Amino acid sequence: MTRKILITAALLGLISIILGAFGAHGLKKLISEEAVQTFETGVKYQMYHALFLLFIAQTNYLSDKMKRIIFYLVLVGVIFFSGSIYGLATNNLSGFNFKSIGFITPIGGLLLILAWVFLLVAILRNYQKNTI
């Protein structure tokens, strides 16, 4: 599982750097400044969660089961949240109306929040076990 998490984290980080550069240089002439800022929000959250996965993979503080849960929450959360933001920000450039699937953005955000909640709960449980 650790290898899978590390590879996914590296890919998410790599893709966020590529998309960030594309947003900063390639999209500025094609979409509004507000849409570029929206696109950059997706990039930031993708990178934050790539780094988060690097931490999850390397910590010995979490069980494999908890790492797996957090991994899938982050993976689906990033795809839903950042992916839908990329689509919404560039909506006028494609033939697909991403507004029709815009409802997945908050679902993705909720999944990302849940990943952090699971981490917090695991830390608090481990802390209680070690102090009793």
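Criteria and thresholds
- Residues numbered from 1 in each chain as written.
- Predicted model: local features only at pLDDT ≥ 70, side-chain atom pairs only at ≥ 80, totals over all residues.
- Heavy atoms only, no water.
- Phe/Tyr/Trp six-rings, centres within 6.5 Å; stacked < 30°, edge-to-face > 60°.
- Helix = DSSP H or I, 4+ residues; strand = E, 2+ residues; numbered from the N terminus.
- Buried < 20%, exposed > 50% of the residue type's maximum accessible area, 1.4 Å probe, protein only.
- Contact = heavy atoms within 4.5 Å.

Asker: Mind laying out the packing of aromatic side chains, listing which residues take part and the relevant values?
Answerer: Taken as a whole and judged by the stated rule, the model has six aromatic pairs. Ring centres 6.5 Å apart and planes at 65° place the aromatic pair Phe 22 and Phe 39 in the edge-to-face group. Remark: Phe 39 occurs in helix H2 (residues 33-58) and Phe 22 occurs in helix H1 (residues 2-26); sequence separation between them is 17 residues. The exposure class assigned to Phe 39 is buried, which follows from its relative accessible area of 4%.

Asker: Tell me about the side chain of Thr 105, residues and numbers included.
Answerer: Along the chain, the position of Thr 105 falls in helix H4 (residues 104-131). Apart from residues no more than four positions distant in its own chain, Thr 105 is found in contact with Phe 80, Phe 81, Ser 84, Ile 85 and Leu 88.

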